Amino acid sequence: MLRQLSWLSGLEEKEFKMIARRFRIRSFPQGAKLLKEQEADNGLFMIVEGKVKIEIREQLMGTAGKGSVLGEMAFLTGHPRTATVVAESPVQVLWIRRTALKSIMKKSPQLENGLWEFASMRFAMNLLGNKEPFSLWEQNRFIQWLSAGEIKLPNENGWLDMEGKIGVLVIGTAAQHDGSIVLTAPCTLTEKDYIFSKDARVFLRDQ
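Note that the coordinates shown come from a computational prediction; the quantities given were computed from them, not determined experimentally.

The rules we used
- Residues numbered from 1 in each chain as written.
- Predicted model: local features only at pLDDT ≥ 70, side-chain atom pairs only at ≥ 80, totals over all residues.
- Heavy atoms only, no water.
- Helix = DSSP H or I, 4+ residues; strand = E, 2+ residues; numbered from the N terminus.
- Contact = heavy atoms within 4.5 Å.
- Pairing = 2+ DSSP bridges.
- Axes fitted to C-alpha atoms, helices over the stretch in contact; angles between N-to-C directions.
- Core = buried A, V, L, I, M, F, W, Y, C linked by side-chain atoms within 4.5 Å.
- Buried < 20%, exposed > 50% of the residue type's maximum accessible area, 1.4 Å probe, protein only.
- Expected span 1.5 Å × (residues − 1).

A.B. asks: Just checking my understanding: could you explain the environment of Phe45 for this structure?
C.D. replies: With respect to the helices and strands, Phe45 occurs in strand β3 (residues 44-49). Each C-alpha atom, one on Phe45 and one on Trp95, is 4.3 Å from the other, the two residues being 50 residues apart in sequence. What Phe45 contacts, discounting residues up to four positions off in sequence, is Leu34, Leu35, Ser68, Val69, Leu70, Val85, Val93, Leu94 and Trp95.

A.B. asks: How should the sheet that holds strand β13 (residues 187-189) be read in this particular structure?
C.D. replies: Hydrogen bonds between backbone atoms are what pair the strands of a sheet, whose relative direction is either parallel or antiparallel. Read from one edge to the other, the open sheet built from four strands follows the order β9-β15-β10-β13, with strand pairing classed as antiparallel. The sheet is open, and its two borders are formed by β9 (150-152) and β13, each paired with just one other strand. Ignoring which end each strand starts from, the neighbouring axes of this sheet average 35° apart. Here strand β10 (residues 165-171) pairs with β13 via three bridges, running antiparallel. Bridge pairing in β13 links Gly167 to Leu189.

A.B. asks: Can you walk me through the sheet that holds β3 in this structure?
C.D. replies: Overall, antiparallel pairing links the four strands, which are arranged β1-β8-β3-β6 in an open sheet. A single partner strand is all that each edge strand has here, and the edge strands are β1 (24-28) and β6 (69-70). For β1 and strand β8 (residues 91-96), the ladder comprises five bridges, and the chain directions are antiparallel. Paired with Ile25 across the two strands is Leu94, which belongs to β8.

A.B. asks: Can you walk me through the nonpolar core in this structure?
C.D. replies: Taken as a class, soluble globular proteins show a tendency for nonpolar side chains to be buried jointly. Counting residues in each nonpolar core, the largest one holds 40 residues, and the members touching the most others are Trp7, Leu8, Ile19, Leu101, Leu111, Leu115 and Leu128. If one sorts the elements of this core by residue count, helix α5 (residues 109-128) sits on top with eight residues. Ignoring sequence-local partners within four residues, the contact set of Leu8 consists of Leu2, Phe16, Ile19 and Leu111. Of all hydrophobic cores here, the second largest spans 16 residues; its members include Leu34, Val52, Val91 and Val93.

A.B. asks: What is the right way to look at α5 in this model?
C.D. replies: Each turn of an α-helix holds 3.6 residues, which means side chains three or four residues apart point in the same direction. Counted at 1.5 Å a residue, the expected span for α5 with its 20 residues is 28 Å, and the 28 Å between its end C-alpha atoms agrees. For α5, every residue scored as buried is listed here: Leu111, Gly114, Leu115, Trp116, Phe118, Ala119, Ser120, Phe123, Ala124 and Leu128.

In structure tokens, the structure reads:
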């Protein structure tokens, strides 16, 4: 199942085995909270068996099952959890701690970039999915369209070429040149000319 993850599938065998050995199997009974909203990150996991509910401020936002990865954005950004994840049935997961994954990522730019691309596509899916024309598309078409996007970093002057592109600010801030508006991630980018913070990462897709 780990080999099927896009951010792990491209790693060399030695690197893949190094990270695979750091995952641990954890089991949760029905009703248990795997993640809690506003708590600090302590790692990410992939569901092996069972189903979970995803809640924000006690409102049901969706469900996830076998093969789903959760917790990646809090891990990457260092921000508190944005949702609570509750076991809807007995659940078994493969879990990797923040410290273990961070130590491996320091040695593997490919792993870091792969995880950012995976997480950014999820962000873009959530932020663009309810906007037209994407809300009118079939899900498979939308996912295929998103898969051609990529994560970009601004240059040393905080600039990024967004001409003819749709952008999603995944982390950091984006300010208009006159400073009148400062956007904070996560958000969609509707203009073409921003000054980005040094830590900014932007998901871009040709229109």
